[in-house]
Amino acid sequence: MISLDPVSTVPPYEQVRSQFARKITDRELAVGTRLPTVRALAAQLGIAVNTVARAYRELEEAGLIETRGRAGTVVSAAGERSRERVLRAARGYATTAREQGLTTEEALEIVRAVLAD
């Protein structure tokens, strides 16, 4: 489900967070899908429990997952809304870019630079 690149400069918690976020926004993980427990995923990946807990906390703050106590951690319906929110923002950016006379490539170059930060 999730894998870590031990030679990456990206911290392990961010690797976990970004992979889950991508799977949720790409709809590989459907709303209601139960995620592994923090302890189980930490053991599977060979990392500290607190590392996974941080990734889950950030995913929850972003509205992509929700913790339901003993029922576990599941993909939130808000994850769909997050995707729609990004789409609205992208449409707004595209409109602004056109109004400013940017070419498609110039607009995409700006987005790539921002995403690389």
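Residues numbered from 1 in each chain as written. Predicted model: local features only at pLDDT ≥ 70, side-chain atom pairs only at ≥ 80, totals over all residues. Heavy atoms only, no water.

Peer 1: Requested: an account of the overall build of the protein chain, with residues and values cited.
Peer 2: Helices and strands together make up the secondary structure of the protein chain, namely 5 helices and 2 strands. In the protein chain, the succession of α and β elements from N to C terminus is α-α-α-β-β-α-α. On C-alpha atoms alone, the protein chain measures out to a radius of gyration of 17 Å, which is more than a quarter above the 13 Å that the 2.2 N^0.38 rule sets for 117 residues. Among the 117 residues that make up the protein chain, the fraction classed as buried is 29%. Put simply, of all contacts in the protein chain between residues at least 6 apart along the chain, 45% involve residues at least 24 apart. As displayed, the protein chain offers around 7,900 Å² of accessible surface, 53% of which is attributable to carbon and sulfur atoms. Between the centroid of the 17 positive side chains of the protein chain and the centroid of its 15 negative side chains there is a distance of 8 Å. (Helix = DSSP H or I, 4+ residues; strand = E, 2+ residues; numbered from the N terminus. Rg over C-alpha atoms; globule rule 2.2 N^0.38 Å. Buried < 20%, exposed > 50% of the residue type's maximum accessible area, 1.4 Å probe, protein only. Contact = heavy atoms within 4.5 Å. Areas by Shrake-Rupley, 256 points an atom, 1.4 Å probe, with all protein chains shown as cover. Lys, Arg positive; Asp, Glu negative; His and termini not counted. Charge placed at Lys NZ, Arg CZ, Asp CG, Glu CD.)

Peer 1: Pulling in residues and values, what's your account of the domain arrangement of the protein chain?
Peer 2: Taken domain by domain, the protein chain comprises domain 1 (12–75) and domain 2 (80–116). One C-alpha centre belongs to domain 1, the other to domain 2; they are set 27 Å apart. (Domains from an automatic or database assignment.)

Peer 1: Talk me through the nonpolar core; I want residue IDs and the actual numbers.
Peer 2: Counting 18 residues, the largest nonpolar core has Val 16, Phe 20, Leu 35, Leu 41, Tyr 56 and Leu 59 as its most contacted members. Breaking this core down by element, the ones donating at least two residues are α1 (12–25), α2 (38–45) and α3 (49–61). (Core = buried A, V, L, I, M, F, W, Y, C linked by side-chain atoms within 4.5 Å.)

Peer 1: Please provide a residue-by-residue account of the packing of α2 against α3, values included.
Peer 2: Two elements in contact, α2 and α3, have axes whose closest approach is 8 Å; the angle formed by their N-to-C orientations is 120°. One way to sum up the angle between α2 and α3 is to call them oblique. Judged by the twist between their axes, the crossing of α2 over α3 is right-handed. When α2 is examined against α3, the residues Val 38, Arg 39, Leu 41 and Ala 42 are found in contact with a partner set consisting of Val 49, Val 52, Ala 53 and Tyr 56. Across the contact of α2 with α3, the residue classes break down as 7 nonpolar, no polar and 1 charged. (Axes fitted to C-alpha atoms, helices over the stretch in contact; angles between N-to-C directions. Parallel < 35°, antiparallel > 145°, perpendicular 65-115°, else oblique. Left-handed = near helix turned anticlockwise from the far one by under 90°. Nonpolar A, V, L, I, M, F, W, Y, C, P; charged D, E, K, R; others polar.)

Peer 1: Outline the packing of aromatic side chains, listing residues and values.
Peer 2: In this description, a pair of aromatic rings is defined by centroid distance and the angle of the planes. Summed over all chains, the structure comprises 1 aromatic pair. Look at Phe 20 and Tyr 56: their rings are 5.9 Å apart centre to centre, the planes differ by 75°, and that puts the pair in the edge-to-face class. Remark: Tyr 56 occurs in helix α3 and Phe 20 occurs in helix α1; sequence separation between them is 36 residues. You'll find Phe 20 and Tyr 56 in the same group, each marked buried. Between Arg 54 and the ring centre of Tyr 13, over which it is positioned, the NZ or CZ distance is 3.6 Å. (Phe/Tyr/Trp six-rings, centres within 6.5 Å; stacked < 30°, edge-to-face > 60°. Lys NZ or Arg CZ within 6 Å of the ring centre and 35° of its normal.)

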